[in-house]
Amino acid sequence: ILIGLVGSEMCIRDRDTTGMVLITNDGTLSHRILSPKKHIPKYYIVKLAESFQEDYVRQFAEGVIIDGGEKCLPSKVKRFPDCEKTAFIELHEGKYHQIKRMFSAVENSVEKLCRIQMGGLPMPEKLAIGEYMEIMHKDVENLLKSQCFEEVFRNITENFSSYWINMQ
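> When you look at the pattern of salt bridges in this model, what are you seeing that I'm missing?
Once the charged atoms of two side chains with opposite charge are near each other, the side chains can pair. Evaluation of the coordinates by the stated rule reveals 9 salt bridges. The partner of R58 in a salt bridge is D55, with the nearest N and O atoms 2.9 Å apart. Taken together, the positions of R58 and D55, both in helix α2 (residues 55-62) and 3 residues apart, correspond to about one turn of that helix. R58 gets classed as partly exposed once you look at its relative accessible area, which sits at 41%. Take D55: its relative accessible area is 35%, and that puts it in the partly exposed class.

> What's the story with unusual backbone geometry in this structure? I'm lost.
Phi is positive for H97, which is not a glycine, with a value near 50 degrees. Residue position: H97 is located in the loop between β7 (83-91) and α3 (98-105). Residue classification places H97 among the partly exposed residues on the basis of a relative accessible area of 26%.

Rules and cut-offs
- Each chain carries its own residue numbering, running from 1 in the direction its sequence is written.
- With the structure being a predicted model, the display of local features is reserved for residues of pLDDT at least 70 and the display and counting of side-chain atom pairs for 80 or more, all residues being used for whole-chain, interface and lining totals.
- As a convention, hydrogens and water are excluded, and side-chain values are obtained from all of the structure's heavy atoms.
- Any Lys or Arg side-chain nitrogen located within 4 Å of an Asp or Glu carboxyl oxygen qualifies as a salt bridge.
- Numbering goes from the N terminus for both helices and strands, where a helix is a DSSP run of H or I of at least four residues and a strand is a run of E of at least two.
- Only protein chains enter the accessibility calculation, which uses a 1.4 Å probe. A residue is then buried if its area is under 20% of the maximum for its type, exposed if over 50%, and partly exposed in between.

Structure (structure tokens):
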């Protein structure tokens, strides 16, 4: 099982997206990670075009209705301290361009998006864009664990500058 960091130069269709990606040929593991029924959270840092509105917290918790009338599962979102245009979001599903579509539905847009953690496994800070590494059995166990949103948010905000700078 490999974990990699995808950069914008590798995502031709998503020039503003970077972050953690898991590469595996284990279909069972892939299903356990990606299935909304398994509740493995994925965490993202989002740079918005407009200021974060506190009402987003309620709207995302209720499940945003995106284009086409499709309702997303409830998610958690929070503004970064002292960063009015930066949000932190937790998802349990992965619809096509979901975060971009969710913010569009609340009349904002995403300028940059970076997946920084899956389950209890954060993206290694030392991993540069385009690099990958093999993950060990203990890492897979962490990947399958859920974590408290507030705990992950606290850990990320403590290391925010290093995460964000490394993603550029």
